[in-house]
Structures are given as C-alpha cells and as structure tokens.
Amino acid sequence: MDDHHDLPHPGGLHGLDHRIVAALRACGTDPRVAGAARALSWAGEHGALWLAAGLAGAVVDRPRRGAWLRGTALTAGAHAASMGVKRVVRRPRPAHVEPLVGTVGRHSFPSSHATSAAAAAVAFGALGARAVPPLAAAVCVSRLVAGVHYPSDVAAGAALGALTARLGARWMTGGPA
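As the structure is a prediction and not an experimental result, all values here were calculated from the model.

*Asks:* Could you clarify how one ought to interpret the overall build of the protein chain in this entry?
*Replies:* Looking only at helices and strands, the protein chain features 8 helices and 0 strands. Element order for the protein chain, N to C, with α for helix and β for strand: α-α-α-α-α-α-α-α. Each principal axis of the C-alpha atoms in the protein chain carries an extent, and together these give about 60 × 35 × 25 Å. In the protein chain, buried positions account for 44% of the 177 residues. In the protein chain, of all internal contacts separated by at least 6 residues, the share reaching a separation of at least 24 is 76%. Roughly 8800 Å² of accessible area belongs to the protein chain as shown, and the carbon and sulfur atoms make up 67% of that amount. Positive and negative side-chain charges in the protein chain, numbering 18 and 9 respectively, have mean positions lying 15 Å apart.

*Asks:* Just checking my understanding: could you explain helix H3 (residues 48-60) for this structure?
*Replies:* An α-helical turn contains 3.6 residues, so any two residues separated by three or four positions project in the same direction. Over its 13 residues, H3 runs 18 Å from end to end, which matches the ideal 18 Å to within 8%, given 1.5 Å per residue. Residues Trp50, Gly54, Gly57 and Ala58 constitute the buried set of H3. Here the buried residues of H3 occupy an arc of 100 degrees about the axis, which is enough to place them on one side. Set apart from the buried face of H3 by more than 90 degrees, the exposed residues are Val59 and Val60.

*Asks:* Can you help me understand the packing of helix H5 (residues 112-125) against helix H6 (residues 132-145) in this one?
*Replies:* The packing of two helices is summarised by the inter-axis angle and the distance between the axes. Running from N to C, H5 and H6 point in directions that differ by 170 degrees, and their axes come no closer than 8 Å. Considered as vectors, H5 and H6 are oriented roughly antiparallel to each other. For the pair H5 and H6, contact is made by His113, Ala114, Ala117, Ala120, Ala121 and Phe124 and by Val132, Pro133, Ala136, Val139, Cys140 and Arg143, respectively. Split into classes, the residues belonging to the contact of H5 with H6 amount to 10 nonpolar, 1 polar and 1 charged.

*Asks:* Help me out: how do you make sense of the pattern of salt bridges in this one?
*Replies:* Pairing between side chains of opposite charge can happen when the charged atoms of each approach one another. Scanning all chains against the criterion turns up 4 salt bridges. The residue Asp61 makes a salt bridge to Arg64 at a minimum N-O spacing of 2.6 Å. Of the residues examined, Asp61 reaches a relative accessible area of 16% and is grouped as buried. The partner of Asp153 in a salt bridge is Arg91, with the nearest N and O atoms 2.7 Å apart. Pair noted here: Asp153 is in helix H7 (residues 151-167) and Arg91 is in the loop between helix H4 (65-89) and H5, with a separation of 62 residues, a long-range link. Its relative accessible area of 16% is what places Arg91 among the buried residues. When salt bridges that share partners are traced, they join Asp17, Arg91 and Asp153 into one network.

*Asks:* Would you take a moment to explain the confidence of the model for the protein chain for this structure?
*Replies:* When pLDDT drops low, the exact placement of atoms in the prediction is not to be read closely. Residues with a pLDDT of 70 or more make up 90% of the protein chain, whose mean pLDDT is 86. Low confidence marks residues 1-8, where pLDDT is under 50. Its contacts with residues over four positions away, or in another chain, come to 12 contacts.

Rules used throughout
- Residues numbered from 1 in each chain as written.
- Predicted model: local features only at pLDDT ≥ 70, side-chain atom pairs only at ≥ 80, totals over all residues.
- Heavy atoms only, no water.
- Helix = DSSP H or I, 4+ residues; strand = E, 2+ residues; numbered from the N terminus.
- Buried < 20%, exposed > 50% of the residue type's maximum accessible area, 1.4 Å probe, protein only.
- Contact = heavy atoms within 4.5 Å.
- Areas by Shrake-Rupley, 256 points an atom, 1.4 Å probe, with all protein chains shown as cover.
- Lys, Arg positive; Asp, Glu negative; His and termini not counted.
- Charge placed at Lys NZ, Arg CZ, Asp CG, Glu CD.
- Expected span 1.5 Å × (residues − 1).
- Arc of directions from axis to C-beta.
- Axes fitted to C-alpha atoms, helices over the stretch in contact; angles between N-to-C directions.
- Parallel < 35°, antiparallel > 145°, perpendicular 65-115°, else oblique.
- Nonpolar A, V, L, I, M, F, W, Y, C, P; charged D, E, K, R; others polar.
- Salt bridge = Lys/Arg side-chain N within 4 Å of Asp/Glu carboxyl O.
- pLDDT = per-residue confidence, 0-100.

As structure tokens, this is what we get:
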C-alpha cells in the first residue's frame, strides 16, 4: 500500500517505477532536498539551464564558438524531440505522490528535463565542461524527488538526449554530419 493514498502498487516494472518514485519523493520531505529539487526543476524548465550554458560557452570560448552553438542547437533539438514523443505516448504523471513542483504539461514520458540534461552532458562534456554531467545527473534525480516523473521517464529521456547529442557529435565539432 502507498503511504500517501492507500492505493495498491501495480506489479512488475510499472510497480517498481511507482515504488522508486515514492521512495525518492519521500526524500523531498527534507526542506533542503525539496529546495534543491525545486531549484533544479525550475532551472531545467524548457532546457533553459543548458541553453544558457551553451550560449555562455560560446561567449567565453571564442575559438570553439561554433561548436558551442551547435551543441546548444543539439540540446534544443533533443528537447523538442522529447516533446514530440510526449505527445505520442501521453503517459500521465505519477498520481500516487504529491508533487513538489508544478509542471507545464500533464504528460510524463519521456522526461524532457532529462532529455535536455543528457544532451547537454554529452555535447558540452565533449567540449570539456566537466561540471555539466554531474549537474545534469542532479537535474534528472530532481524530477524523481519532485514526484513528477517515473524512473523510466527519466531513463528514456536521458537515453534520447544522449543519443541525439551523440548522433550530432561530428556536426557539432565541425565535421560532416
């Protein structure tokens, strides 16, 4: 039984998804954890954190400005792809936990935050931005702590983002697509 609504958990992988999100959402009862999850969720909305990071990289790293801008475009493209998948799959967000944050949409699969975070981690990580991968991982976890995604949403989003950036890596660094 769920501690929040006394509903039975489904079985199999779906049930595991429910149990993991409930356990991680429970971590959000700590005000410091909740504050961090809210801040990361807000910063990652529409890929804003990653778009800003890419544009900042383009300004600071003039010799590789084109690579930073193409990496930013890959990140935005990955985010757009996730939005398209959401419209097709239409999986509802977790209803068995109380969310810490509001969401722009009601569909959960894949996590667009995770998609743009993983795309940025791959693209900007290739340019030497060592802080991006751990920050991207924190954004992904924040969506579970916030109670707005299942682990499978986050995993699928991260896979989509990483794949998108990896497929565009040659283009990003100035080689043929």
